[in-house]
Amino acid sequence: MTNQQTFKIAIASGKGGTGKTTLSTNLAALIAEREEVVLVDLDVEEPNSGLFFNGTLVHEEDNHNMTPNWDESLCTLCGLCQEVCNFNAIIQLGTSILVYPKLCHSCYACSELCPVNALPMEPTQIGKLRDYKLGKLHYVESRLNIGEEQAVSSIAKTKKYVAEKYPNVSLAIFDSPPGTSCPVMEATKDADYVILVTEPTPFGFHDLKLAIETMHELKKSFGVVINRYGIGNDEVINYCKAEGIDILAKIPNSRQIAELYSEGHLIYPSFPEVKTALSNILEHCLSIKEGERI
Amino acid sequence: MKIAFTAAGKDWDAMIDPRFGRTEYIVIYDDSSDELSVIDNSAVKNEAHGAGTATSQKIFELSPDILITGNGPGDNAAKALEKMNMKIFVGAQDLTLKQALEAYRKGSLKEC
Amino acid sequence: MKEIVVISGKGGTGKTSLTASFGIMGAKDVVLADCDVDAADMHLLMQPDFEVAEDFYSGEVAYINQSNCTSCGLCQDVCRFDAISLHNEQYVISPLDCEGCGYCARVCPTETIINNDLLVGQLFVSNVKTGGQMVHARLGIGADNSGKLVAKVKDEAKVLALKNKKDYILVDGSPGVGCPVVSSLSGASFVVLVTEPSVSGLHDLKRVYELVKKFNIKAGCIINKADVNSDKQAEIKRFLMDEGIEHLIDLPYDENFTKAMTLGQTIVEYENQNLTSLLEQTWEKIKQLTNQNNREK
């Protein structure tokens, strides 16, 4: 398994657009003012964290999925591959076999069941992993090529890369994809602590409850950060209080914050209260980290 | 000549189904015999993923000369349809099969 | 009957709030379909009565019938998803990890593994406060949205619209650029793109428009929170011009959207001034373009 030293914080949310990326980038930048930290963008369909940093690229590699590759010279056109594929990723059209790598789930059934080995599995490039450095901040992202849908393997690989490359960094922050589906579960399943970002609105509250359900399912310890605090109502706060869920911070609603975000700027350097909120979040995470050591 | 339609029903008065992969039916018109034949596509419609490739495969087996549909096939389906010696006409949504055939004969459907 | 689909690529642009507002203005003439099933929120503004609820299945999940299992372990050998493990000398499948590929069932020598249809969530048909109807779905934890689920939600809406002779189906489309959004777009008469003037808003708009283009569907765009960043707003407008996308309206950054939502309302129910009249104009324009789209053929 991964090393024991790095404390892994995943930042997630049910609803999109609540400020996950804002929190991840600002928190990572604040930590990097005093110690080494890794920020990992696992929203592989749409990794936007990088828009906030102008770092130096230190490493780049391809991400792959294994998919079957048709060897015409061996194929007897028996049709078994098409029959076994549950995803319509391989079809036979007369005398040719067509493989759709984007629909393929890499289950290997067609390849291994082919009686004449005419479908060897080969790596297909589906995106790139990039590792940037800016001062004490390491920023790692994986980006799927447009139209690729199989996100889970890239998420798993990115986590592995970070664990191997930065075993001695004490904190790593994982920006997760939105929603409650497989990619989210993959992104958060081995985090030591999860921060759920929400808005104090009916939509935010509804989606927060779904995210909380997911965290219970994964048996994760988690806390909530309320973004755009001041708009909406107290439903989220009352709910968290009633359920005994920690509210780590409230980030104020402000048009100026929206403007900074739209330009791709960090927030906390211009907003002391955001900096205080981030410090509180960090302190809470560190206390949990220490708690686990004891 | 055989003409295939993606269709929401089974006869000339049925509407064109604008979808390719998840079309309800595939209707084939053979102008040499002036007959319609109907293929139920509901099994494909219920595939979680990859409906486009599965429907393409069916079309291949039917080997029409012309396909008339609505929005047009997606990427996956297009890749399979390329392999066939068939012309594809789109933009026939909101027409019945009969109207779509007339529109095709008048040359008012877009070839893709 | 026409199908209008609202999509945005990025989350948090106000897509659902706007779709719901159009739903209110369209009132009885509109059947609403919420295909944003990962975060199906539109019902929160619509007072649905959940008249019909049905389980929804998509894909498969493997299950080992223990009585015939010889514990040969072949299923575990072939599974690439680490979904099969040995517990107390019995092989069991973790449904959350099972990808539904069916490989294990195919190789099992005693045919003791069966592929069950996977229950992914529930589908609801409701009467809503507009006087019209709405179809929406709720996914279970860890379940993925799929082209099939989106198609099913839209089909139900279509059946209602035909039966009750409604003019429009208004679809709150799926996020992202994958299979669900393709299924959301499939069959659309007109697409409304909702974006915001930020680095990521523009980026995601471009990505999702690639799909719209492929399907030859006419599109219009709403720039929400347009006054937050005038440079980005201008950049978006240039993009719309280059692509021949109708620029429907610029909406200002306005906290009344949220205030309305807090009351379970759309903006057009909450305020009676500027925003409402802008949205009324927009809705008229959308209807006009949707219908014009057809006469052109």
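Here, every reference points to the structure presented above.
Here we summarise the structure given alongside this text.

1. Details of the overall build of chain C
Link 1 in the chain: Assigned secondary structure in chain C consists of 10 helices and 11 strands.
Link 2 in the chain: Expressed as lengths along the three principal axes of its C-alpha atoms, the size of chain C is roughly 70 × 45 × 40 Å.
Link 3 in the chain: Per-residue burial over chain C gives 59% buried out of 297 residues.
Link 4 in the chain: Look at the contacts in chain C between residues 6 or more apart in sequence, and 77% of them connect residues 24 or more apart.

2. Overview of helix α8 (residues 255-263) of chain A
Residues and elements named next belong to chain A.
Link 1 in the chain: Regarding α8, the residues found buried are Ile-257, Leu-260, Tyr-261 and Ser-262.
Link 2 in the chain: In this structure Ser-254 caps α8, since a side-chain oxygen of it lies 3.0 Å from the backbone nitrogen of Gln-256.
Link 3 in the chain: The first or second residue beyond α8 is Gly-264, which carries a positive phi of 85°.

3. Examining the nonpolar core
Link 1 in the chain: Formed by 54 residues in total, the largest nonpolar core has its most connected members in Ile-90 of chain A, Ile-59, Leu-67 and Leu-81 of chain B together with Ile-93, Cys-104 and Ile-113 of chain C.
Link 2 in the chain: No other element matches the 4 residues that helix α3 (residues 103-107) of chain C contributes to this core.
Link 3 in the chain: The residues touching Ile-90 of chain A, leaving out its near neighbours within four places in the chain, are Cys-81, Gln-82, Cys-85, Ile-97, Leu-98, Val-99, Cys-110 and Leu-119 of chain A.
Link 4 in the chain: Among the nonpolar cores identified, the runner-up in size contains 44 residues, and Cys-35, Leu-123, Ala-188 and Val-212 of chain C belong to it.

4. Concerning the interface of chain A and chain C
When the parts of a complex come together, some accessible area is lost, and that lost area is often taken as the interface size.
Link 1 in the chain: Listed per partner, the contact involves 48 residues of chain A and 49 residues of chain C.
Link 2 in the chain: Between chain A and chain C, the buried area comes to about 4,300 Å², and carbon and sulfur atoms account for 56% of it.
Link 3 in the chain: The three residues of chain A that bury the most area against chain C are Phe-203, Arg-255 and Ser-262 of chain A, which together make up 16% of that side's buried surface.
Link 4 in the chain: In this structure, the connection of chain A to chain C is made through 4 salt bridges.
Link 5 in the chain: For Arg-207 of chain C, the salt bridge goes to Glu-46 of chain A, with nearest N and O atoms at 3.5 Å.

5. Some details on the interface of chain C and chain B
Link 1 in the chain: The partner chain B presents 19 residues to the 23 residues of chain C that form the contact.
Link 2 in the chain: When the two sides are added together, the surface that chain C and chain B hide from each other amounts to roughly 1,500 Å², 44% of it contributed by carbon and sulfur.
Link 3 in the chain: Here chain C is connected to chain B by 3 salt bridges.
Link 4 in the chain: For the pair chain C and chain B, the interface holds 7 residue pairs in polar contact (both at pLDDT 80 or more).

6. A few points about unusual backbone geometry
Link 1 in the chain: Its identity is not glycine, yet Leu-77 of chain A carries a phi of approximately 60°, on the positive side.
Link 2 in the chain: Here Ser-63 of chain B, not a glycine, exhibits a phi torsion of approximately 40°, which is positive.
Link 3 in the chain: Within the element layout of this structure, Ser-63 of chain B appears in the loop between α2 (51-62) and β4 (66-68).

7. A few points about the sheet that holds strand β10 (residues 219-223) of chain C
All names here are of chain C.
Link 1 in the chain: The strand order across the open sheet formed by 9 strands is β3-β6-β7-β2-β8-β1-β9-β10-β11, and the pairing between neighbours is mixed. Single-partner strands in this sheet number two, and they are β3 (52-64) and β11 (246-250). Pairwise comparison of adjacent strand axes, ignoring direction, gives a mean angle of 20° for this sheet.
Link 2 in the chain: Summarising the sheet, β3 and strand β6 (residues 113-127) pair through 11 bridges and their orientation is antiparallel.

8. Some details on the packing of helix α6 (residues 199-214) of chain C against helix α7 (residues 230-243) of chain C
How two helices pack is summed up by the angle between their axes together with the distance between the axes.
Residue and element names in this part refer to chain C.
Link 1 in the chain: Across the interface, α6 lies against α7 with an axial gap of 10 Å and an inter-helix angle of 15°. With respect to α7, the element α6 is oriented roughly parallel. For the pair α6 and α7, the sense of crossing is right-handed. Contacts from Val-199, Leu-202, Leu-205, Lys-206, Tyr-209 and Lys-213 in α6 reach Lys-232, Glu-235, Ile-236, Phe-239, Leu-240 and Glu-243 in α7.
Link 2 in the chain: Of the residues in the contact of α6 with α7, the class split is 7 nonpolar, no polar and 5 charged.

9. Things to note about the side chain of Asn-65 of chain A
Residue and element names in this part refer to chain A.
Link 1 in the chain: Mapped onto the elements of the fold, Asn-65 is located in strand β3 (residues 56-68).
Link 2 in the chain: According to the relative accessible area criterion, Asn-65 is buried, its value standing at 6%.
Link 3 in the chain: One polar contact links Asn-65 to Ser-153, side chain to side chain, over a distance of 2.5 Å.
Link 4 in the chain: Here Asn-65 is in contact with Ser-106, Glu-122, Pro-123, Thr-124, Ile-126, Gln-150 and Ser-153, once residues within four sequence places are set aside.

10. Structural notes on the pairing of strand β1 (residues 2-7) of chain C
Residue and element names in this part refer to chain C.
Link 1 in the chain: Buried residues dominate β1, accounting for 6 of its 6 residues.
Link 2 in the chain: By the alternation rule, side chains of β1 split into Lys-2, Ile-4 and Val-6 and Glu-3, Val-5 and Ile-7, which are all buried.
Link 3 in the chain: Where β1 lies against strand β8 (residues 168-172), 5 bridges are found, and the strand directions are parallel. Bridged to Ile-4 within β8 is Leu-170.

11. What about α7 of chain C?
Link 1 in the chain: The end-to-end C-alpha separation of α7 of chain C is 20 Å, in line with the 20 Å expected for 14 residues at 1.5 Å each.
Link 2 in the chain: Taken together, the buried positions of α7 of chain C are occupied by Lys-232, Gln-233, Ile-236, Phe-239 and Leu-240 of chain C. Within α7 of chain C, the buried residues cover an arc of 120° as seen down the axis, which keeps them to one side. Every exposed residue of α7 of chain C that faces more than 90 degrees away from the buried side is listed here: Ser-230, Asp-231, Arg-238, Met-241 and Asp-242 of chain C.
Link 3 in the chain: Here the buried face of α7 of chain C lies against α8 of chain A together with β9 (190-195), α6, β10 and β11 of chain C.
Link 4 in the chain: Its side-chain oxygen placed 3.2 Å from the backbone nitrogen of Asp-231 of chain C, Asn-229 of chain C serves as the N-cap of α7 of chain C.
Link 5 in the chain: Positive backbone phi, approximately 70°, marks Gly-244 of chain C, located one or two places after α7 of chain C.

12. Comments concerning the pattern of salt bridges
Link 1 in the chain: Inspection of the entire model under this criterion finds 35 salt bridges over all chains.
Link 2 in the chain: Notably, a salt bridge pairs Lys-189 of chain A with Glu-186 of chain A, separated by 3.1 Å at the nearest N-O pair.
Link 3 in the chain: Given the relative accessible area of 12%, Glu-186 of chain A is considered buried.
Link 4 in the chain: Salt-bridge contacts for Lys-287 of chain C lead to Glu-284 of chain C; the nearest nitrogen and oxygen are separated by 3.4 Å. With Lys-287 of chain C and Glu-284 of chain C both in helix α10 (residues 274-295), this residue pair falls 3 residues apart, about one helical turn.

13. What about the packing of helix α6 (residues 202-217) of chain A against helix α7 (residues 235-243) of chain A?
Residues and elements named next belong to chain A.
Link 1 in the chain: Contact geometry of α6 with α7 gives a least axis separation of 9 Å together with a crossing angle of 30°. With respect to their mutual orientation, α6 and α7 come out roughly parallel. For the pair α6 and α7, the contacting residues are Pro-202, Phe-205, Leu-208, Lys-209 and Ile-212 in the first and Glu-235, Val-236 and Tyr-239 in the second.
Link 2 in the chain: Residue composition of the contact of α6 with α7, grouped by class: 6 nonpolar, no polar and 2 charged.

14. Observations regarding the sheet that holds β4 of chain B
All names here are of chain B.
Link 1 in the chain: Read from one edge to the other, the open sheet built from 6 strands follows the order β3-β2-β1-β4-β5-β6, with strand pairing classed as mixed. Only two strands of the sheet have a single partner each, and these edge strands are β3 (35-40) and β6 (110-111).
Link 2 in the chain: Direction of pairing for strand β1 (residues 2-7) relative to β4: parallel, over a ladder of 3 bridges. Bridging from a neighbouring strand, Phe-5 pairs with Ile-68 of β4.
Link 3 in the chain: α2 contacts β1, β2 (25-30), β3 and β4 of the sheet and is inclined by roughly 20° relative to β2.
Link 4 in the chain: Where helix α4 (residues 97-106) meets the sheet, its contacts fall on β1, β2, β4 and β5 (87-90), and the angle it forms with β1 comes to roughly 130°.

15. Some remarks on the state of the cysteines
Residue and element names in this part refer to chain A.
Link 1 in the chain: Per the stated rule, a full pass over the model turns up 0 disulfides over all chains.
Link 2 in the chain: You can see Cys-110 has no disulfide; the closest cysteine sulfur is in Cys-104, sitting 6.4 Å from it.
Link 3 in the chain: A relative accessible area of 12% places Cys-110 in the buried class.

Definitions and limits used
Residues numbered from 1 in each chain as written. Chains lettered and ligands numbered in written order. Predicted model: local features only at pLDDT ≥ 70, side-chain atom pairs only at ≥ 80, totals over all residues. Heavy atoms only, no water. Helix = DSSP H or I, 4+ residues; strand = E, 2+ residues; numbered from the N terminus. Buried < 20%, exposed > 50% of the residue type's maximum accessible area, 1.4 Å probe, protein only. Contact = heavy atoms within 4.5 Å. Polar contact = N/O pair within 3.5 Å; in protein donor to acceptor, adjacent residues only side chain to side chain. Core = buried A, V, L, I, M, F, W, Y, C linked by side-chain atoms within 4.5 Å. Buried area = accessible area lost by both parts, 1.4 Å probe. Salt bridge = Lys/Arg side-chain N within 4 Å of Asp/Glu carboxyl O. Pairing = 2+ DSSP bridges. Axes fitted to C-alpha atoms, helices over the stretch in contact; angles between N-to-C directions. Parallel < 35°, antiparallel > 145°, perpendicular 65-115°, else oblique. Left-handed = near helix turned anticlockwise from the far one by under 90°. Nonpolar A, V, L, I, M, F, W, Y, C, P; charged D, E, K, R; others polar. Expected span 1.5 Å × (residues − 1). Arc of directions from axis to C-beta. Disulfide = S-S within 2.5 Å.

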